[in-house]
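# Structure at a glance
Listed below are the residues making up each chain.
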Amino acid sequence: MEALADSKERCEQIVFDRPDALTSRGYTYCPGCGHGTIHRLVAELIDEFGLKDRTVGMASVGCSVFSYWFFDCDFISCAHGRAMANATGVKRAHPDAFVFTYQGDGDLASIGMAETIHAANRGELITVIFVNNAIYGMTGGQMAPTTLENMVTTTSPLGRDPLLVGHPIRVVEMLSLLEGVAFAARASVSSAKNTLKAKALMKKAFRAQLEKKGFGIIEILSNCNTNWNKSPIEANEWIDAEMVKVFPLGVYKDVFAGEKGKKDE
Amino acid sequence: MSDNGGDRELMKGNHAMCLGAIRAGARAYYGYPITPQNEATEYMSFHMPKAGGTFIQAESEVAAINMVFGAAAAGVRAMTSSSSPGISLKQEGISYIATAELPCVVANIVRCGPGLGNIAPHQGDYFQGTRGGGHGDYRTITLAPASVQEMAQLTYSAFDLADEYRNPALILSDGVIGQMMEPVDLATIPAKDPPVKDWAVGPGQDKRPRNVHTTIYLDPEEMAEFHLKLIAKYDRIRREVNYFEEYMTDDAEILIVAYGTSSRVARTAIKRMRTANGPKVGLFRPISVWPFPARKLLEMCTNYKCILVLEMNWGQMVEDVRLVVGDKVPIHFAGKHGGLLFTPAEIVALANNLSADPLNPGSLWSIVR
């Protein structure tokens, strides 16, 4: 550590470092998984907005259940699907806190769908980071509400048949119809370019809360190379080739649209 | 309860409960309508914002209890209420809140179950209210009011108990007490400021270590350590929280054990019997049903020829009585079903039978039952 500190001192300018809003604990995510990148984007924005001392995060159930190990701020580890209800309780108690949920597709779009729709419809001043990898990661690769048609999972071994189990749910499109939603967009962390775009959109999801505009959600397509049985590179290529056909990237609702002098994208 | 001629108001039990909560400093109420506790959500929708707090009619009981989880973690005195089927839904959240060691108050205005049952008063949720109710090893401090005054006062106290032990506290009432009107002595529930909680999440993290509330312990050793900590807390609660009431027990030959609505009818029956020179019957009423006031009952149980447990269910608290009393004294049980109430005459008839034969097999509760 001392050697590292020395080398830092010798640097003229540090151009890349761990954001303050992240702890030094090593991630528990699979190598190549998008969670690490998405964590970093959230943490960078917490730092950039100067929110670290008033941020409260909601960890969901799933791979990110231990996200409170990685974000260096107050946290609640919530029950499966209930993060937005917890977030509501915190935000209403402390309107000056910055409250975000970090949820996967099983958590947000399956067991927590009621909480999702109603928190959005109430226009809760919270920011939702929705990681969509079209599969249940932590429990070992079962079908999610966002699993693509014909996609093979451990509980759709012959491929998802929409006639039997329905179609993949497009969350941000659906939520963008609700009055309480100020910002809803879908991004991807499949490439460096997409990651930069994702950060710009995530920033607006932050601003929706900070400027008291309403509910802000950013859906981020991310890989699950382990349960997709692909290499990380193949998995990211698959997002760009297949996943975006079902889940098109873009902004579905933007209360900031048309504002002048602010170029986030 | 207090009768000091203070500021008295005629109120419904459900309203009194909410007033007690607001006076205790509750500033978050999240609920969902279900009969027979709708007056609570209605009262809170009007009075909670006036007190500077938050009311949300949640999309479900599950969401409501998890909003309470968030508010409790944020350091606010938070409450929800429901009735039996709704409490079943809240059990998920109660298990998490107990594991996160957060204080909150949950009121169950019990109706008749199982399933949808009906909306008549019942005591069928005793197990649910005293055994944890949700998954895993946990307990809740559970108080059973028997009057509108107690709806206010025990709810008021429940917030202090919840904060002291950082544990959910339950009010186990029913449709009779929730719906009936009686005077409440407001002087017994003066408005107060809740304690400041240094473990709460929220702003100000630059001046303290960050606060995290979790319920997951993947490492069994770590989980075991946490369990031992919880068990030590529950043992402490068992030692320190023992609320009960006695009525005419000193010279009694038969001891009735009943809580809530059943205890009120029993009290009327005892009064009648005493006036008419009938059998000498006394009443032991657990107020804290968890922890069950075991020490007191154990101390006094051998003074009686037999014990008669009265419940509006088919026998739940009688198991706690049996655990305490063992075979020292014959235990009898009489239950009321379907959401019906005991009548004083029925209780008098039961007492007459037992006075003539304390081993009357008709109501004898045995372990092989």
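Thresholds applied
Residues numbered from 1 in each chain as written. Chains lettered and ligands numbered in written order. Predicted model: local features only at pLDDT ≥ 70, side-chain atom pairs only at ≥ 80, totals over all residues. Heavy atoms only, no water. Helix = DSSP H or I, 4+ residues; strand = E, 2+ residues; numbered from the N terminus. Rg over C-alpha atoms; globule rule 2.2 N^0.38 Å. Buried < 20%, exposed > 50% of the residue type's maximum accessible area, 1.4 Å probe, protein only. Contact = heavy atoms within 4.5 Å. Salt bridge = Lys/Arg side-chain N within 4 Å of Asp/Glu carboxyl O. Core = buried A, V, L, I, M, F, W, Y, C linked by side-chain atoms within 4.5 Å. Patch = residues over 30% accessible without salt bridge, like charges linked within 9 Å, V, L, I, M, F, W, Y side chains within 5 Å. Areas by Shrake-Rupley, 256 points an atom, 1.4 Å probe, with all protein chains shown as cover. Lys, Arg positive; Asp, Glu negative; His and termini not counted. Charge placed at Lys NZ, Arg CZ, Asp CG, Glu CD. pLDDT = per-residue confidence, 0-100. Expected span 1.5 Å × (residues − 1). Axes fitted to C-alpha atoms, helices over the stretch in contact; angles between N-to-C directions. Parallel < 35°, antiparallel > 145°, perpendicular 65-115°, else oblique. Left-handed = near helix turned anticlockwise from the far one by under 90°. Nonpolar A, V, L, I, M, F, W, Y, C, P; charged D, E, K, R; others polar.

The subject of this paragraph is the overall build of chain B. Counting its secondary structure elements, chain B contains 12 helices and 16 strands. Relative to the globule expectation of 21 Å for 369 residues, the C-alpha radius of gyration of chain B, 21 Å, shows essentially globular dimensions. A principal-axis box enclosing the C-alpha atoms of chain B has dimensions of 70 × 50 × 40 Å. When the 369 residues of chain B are sorted by exposure, 60% land in the buried category. The contacts of chain B with a sequence gap of at least 6 include a subset with a gap of at least 24, amounting to 80%.

Residue and element names in this part refer to chain B. According to the stated counting rule, one finds 39 salt bridges over all chains in the structure shown. As a salt-bridge pair, K12 and E39 come within 3.0 Å of each other at their nearest N and O atoms. Here E39 lies in helix α2 (residues 38-50) and K12 lies in strand β1 (residues 8-12), a separation of 27 residues in the sequence. Look at E39 and you get buried, because its relative accessible area is 12%. With its nearest N and O atoms 2.6 Å apart, the salt bridge here joins R264 to E182. Within this pair, whereas R264 is found in helix α9 (residues 260-275), its partner E182 is found in strand β9 (residues 181-185), the two being separated by 82 residues in sequence.

Before going further, it helps to examine the nonpolar core. Note that soluble globular proteins tend to have their nonpolar side chains buried in a common cluster. If you look at the biggest cluster of nonpolar residues, it comprises 103 residues, and the most contacted ones within it are M58, F215 and I217 of chain A together with M44 and M79 of chain B. For this core, the element with the most residues is helix α6 (residues 148-165) of chain B, which contributes 10 residues. Leaving out residues up to four positions away in the same chain, M79 of chain B has contacts with M17, A21, A28, Y29, Y30, M44, V68, V105, A107, T155 and F159 of chain B. Core analysis: the next-biggest nonpolar cluster, separate from the first, contains 35 residues, F66, C73, F75 and M202 of chain A among them.

This next bit is on a negative patch on the surface. Residues and elements named next belong to chain B. A cluster of acidic residues, D219, E221, E222 and E225, forms a negative patch on the protein surface. Along the polypeptide, E225 turns up in helix α8 (residues 220-240). Residue classification places E225 among the exposed positions, given a relative accessible area of 60%.

Mean pLDDT over chain B works out to 96, with 97% of the residues at or above the 70 mark. Interface scoring of the predicted complex returns ipTM 0.95; its pTM is 0.95.

Before going further, it helps to examine the environment of L340 of chain B. On the secondary structure map, L340 of chain B appears in the loop between β16 (331-335) and α12 (344-356). Looking at L340 of chain B, the relative accessible area reads 53%, which means it is exposed.

Residues and elements named next belong to chain B. In a regular helix each residue adds 1.5 Å, so 18 residues correspond to 26 Å; α6 covers 26 Å between its end C-alpha atoms and thus fits that length. Among the 18 residues that make up α6, 15 are buried, leaving the element largely enclosed by the rest of the structure. Following α6 by one or two positions, R166 adopts a phi angle in the positive range, close to 45°.

Attention shifts here to the packing of helix α2 (residues 35-48) of chain A against helix α9 (residues 192-210) of chain A. When two helices pack together, their arrangement is given by the angle between their axes and by how far apart the axes lie. Residue and element names in this part refer to chain A. Where α2 contacts α9, the axes come no closer than 10 Å and their chain directions differ by 50°. Considered as vectors, α2 and α9 are oriented oblique to each other. Remark: the crossing between α2 and α9 carries right-handed chirality. Here T37, I38, L41, V42, E44, L45, I46 and E48 of α2 lie close against α9, whose contacting residues are T195, A198, K199, M202, K203 and F206. When grouped by side-chain class, the residues that make up the contact of α2 with α9 number eight nonpolar, two polar and four charged.

We now examine unusual backbone geometry. Looking along the chain, the bond that leaves T35 of chain B and enters P36 of chain B is cis, with omega of 10°. Here the residue pair G113 of chain B and P114 of chain B is connected by a cis peptide bond, since its omega of 0° sits within 30 degrees of zero. With respect to the helices and strands, P114 of chain B occurs in the loop between β5 (104-112) and β6 (118-121). With a phi close to 55°, K212 of chain A is a non-glycine residue in the positive phi region. Relative to the elements of secondary structure, K212 of chain A occurs in the loop between α9 and β8 (215-221). When its relative accessible area of 60% is taken as the criterion, K212 of chain A is described as exposed.

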